[in-house]
Amino acid sequence: MRQINESHVAVPGLAVVEVTAADDDTAFAVQELLAARWAIAPADHTTRAPGEPGVRLRCFLDLREEPDA
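Asks: Sorry if this is basic, but what is going on with the overall build of the chain here?
Replies: In terms of helices and strands, the chain carries one helix and three strands. Beginning at the N terminus, the succession of helices and strands in the chain can be written as β-α-β-β. Partitioning the intrachain contacts of the chain with sequence separation of at least 6 by distance along the chain shows that 57% fall at a separation of at least 24. Of the roughly 5,000 Å² that the chain leaves accessible, carbon and sulfur atoms contribute 52%.

Given below as structure tokens:
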């Protein structure tokens, strides 16, 4: 995954969330739960780290905005 840069957390209310899960379905289910509550920039794929279990997913939240209807 790319590094988190300053603009991702430049003001209060912005957050970066990294999910580690056993599989893609679980990681995307967590992302959907977050998206139901807050505005997010969703991930479209997961990554795997060689030698580490599971998958990772990173999404960006904006707690200041409601999710799109």
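From this point, the narrative continues.
Asks: So what exactly am I meant to see when it comes to the pairing of strand S3 (residues 55-62) here?
Replies: With six of eight residues buried, S3 lies mostly within the body of the structure. Bridging between strand S1 (residues 14-21) and S3 involves eight bridges; their strand directions are antiparallel. The residue bridging Ala15 from the neighbouring strand is Leu61, located in S3. Of the pairings in the sheet, the one linking strand S2 (residues 39-41) to S3 comprises three bridges and is antiparallel in character. In the strand pairing of S3, Ile40 is matched with Leu61.

Asks: I keep staring at the sheet that holds S2 and nothing clicks. Help me out?
Replies: Taking strand neighbours across the sheet as the criterion, the three strands line up as S1-S3-S2 in an open arrangement whose pairing is antiparallel. If you trace the sheet from one side to the other, it starts and ends with S1 and S2, each paired once. Across the sheet, the mean angle separating the axes of adjacent strands is 35° when strand polarity is ignored. Each of S1, S2 and S3 touches helix H1 (residues 24-37); the most contacted strand, S3, lies at about 10° to it.

Cut-off values and rules
- Residues numbered from 1 in each chain as written.
- Predicted model: local features only at pLDDT ≥ 70, side-chain atom pairs only at ≥ 80, totals over all residues.
- Heavy atoms only, no water.
- Helix = DSSP H or I, 4+ residues; strand = E, 2+ residues; numbered from the N terminus.
- Contact = heavy atoms within 4.5 Å.
- Areas by Shrake-Rupley, 256 points an atom, 1.4 Å probe, with all protein chains shown as cover.
- Buried < 20%, exposed > 50% of the residue type's maximum accessible area, 1.4 Å probe, protein only.
- Pairing = 2+ DSSP bridges.
- Axes fitted to C-alpha atoms, helices over the stretch in contact; angles between N-to-C directions.

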